[in-house]
Amino acid sequence: MKSTHQDPENFYKEFEKEWNMRVHTYTNSLTFTHAFGKALEKHLDLIVIQQKVIKNWLSELDIPNKEEFVTLAGRKVDCLEKIDSLEETMYELNMDLKKDNTELKKLNTSLSDMLYFMENEWKNVKVCKIKTLENELDELKKLFNN
């Protein structure tokens, strides 16, 4: 037995083609364009009214709205940038401080060495003076004893 029905794929393609032509014919008119424009204007008016109602309710309930969140997010970004800048400055200051501490340690070591040298020199000068004074005293004694 042979089927009298068309191939389903061709049937649906023709069906789609026919309905596309009908929709195009219906929507390709000035009447449809005006009606669609009026409906779109009414829809946009309703959206504006809903936005006002939502904004009023949010302010009544003391809940932040989208603009306040945007402002807050901007402030947060600014604060994060400032924190990053401060962290970078602190890092640089810390590195400079370490460098200065190293220089101070070197200077302290150098000063300690110089102090040690000066103390030794002072002791040597004292010892030399004492020996010189002892020698002079001995010579004076010899002069008086003679």
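Whatever comes next refers back to the structure up there.
Note that this is a predicted model, so its numbers are computed, not measured. Just so you know, the residues in each chain are numbered from 1, in the order the chain's sequence is written. Note on the predicted model: pLDDT of at least 70 is required for a residue's local features to be given, and 80 or more for side-chain atom pairs to be given and counted; whole-chain, interface and lining totals, by contrast, use all residues. Hydrogen atoms and water are omitted, and side-chain values are computed over all heavy atoms in the structure.

Novice: Tell me about the packing of aromatic side chains, residues and numbers included.
Specialist: Planes of paired rings set the category: under 30 degrees apart is stacked, over 60 is edge-to-face and the rest tilted, where pairs are Phe, Tyr or Trp rings (Trp by its six-membered ring) whose centres lie within 6.5 Å. All told, the structure shown has five aromatic pairs when counted by the stated rule. Where Phe11 meets Phe15, the ring centres are 6.3 Å apart and the plane angle is 15 degrees; that geometry is what we call stacked. Taken together, the positions of Phe11 and Phe15, both in helix 1 (residues 8-27) and four residues apart, correspond to about one turn of that helix. In this scheme, a residue with accessible area under 20% of its type's maximum is buried, one over 50% is exposed, and one in between is partly exposed, where area comes from a 1.4 Å probe on protein chains only. Phe11 gets classed as partly exposed once you look at its relative accessible area, which sits at 44%. By way of ring pairs, the aromatic residues Phe11, Tyr12, Phe15 and Trp19 are connected into one cluster. As a reminder, the over-ring test applies to NZ of lysine and CZ of arginine, requiring each to be within 6 Å of the ring centre and within 35 degrees of the ring normal. Across from the ring centre of Trp19, 5.0 Å away, lies the NZ or CZ of Arg22, which sits over that ring. Only DSSP runs of H or I covering at least 4 residues are called helices, and only runs of E covering at least 2 are called strands; the numbering of each starts at the N terminus.

Novice: Which residues make up the pattern of salt bridges, and what values go with them?
Specialist: The term salt bridge refers to a side-chain nitrogen of Lys or Arg lying within 4 Å of a carboxyl oxygen of Asp or Glu. For the structure shown, the criterion picks out two salt bridges. We note a salt bridge from Lys13 to Glu9, for which the minimum N-O separation is 3.6 Å. Residue Lys13 and its partner Glu9 are both found in helix 1; the two are separated by four residues, about one turn of the helix. For Arg22, the salt bridge goes to Glu18, with nearest N and O atoms at 2.9 Å. Of the two residues, Arg22 and Glu18 are both situated in helix 1; the distance of four residues between them amounts to about one turn of the helix.

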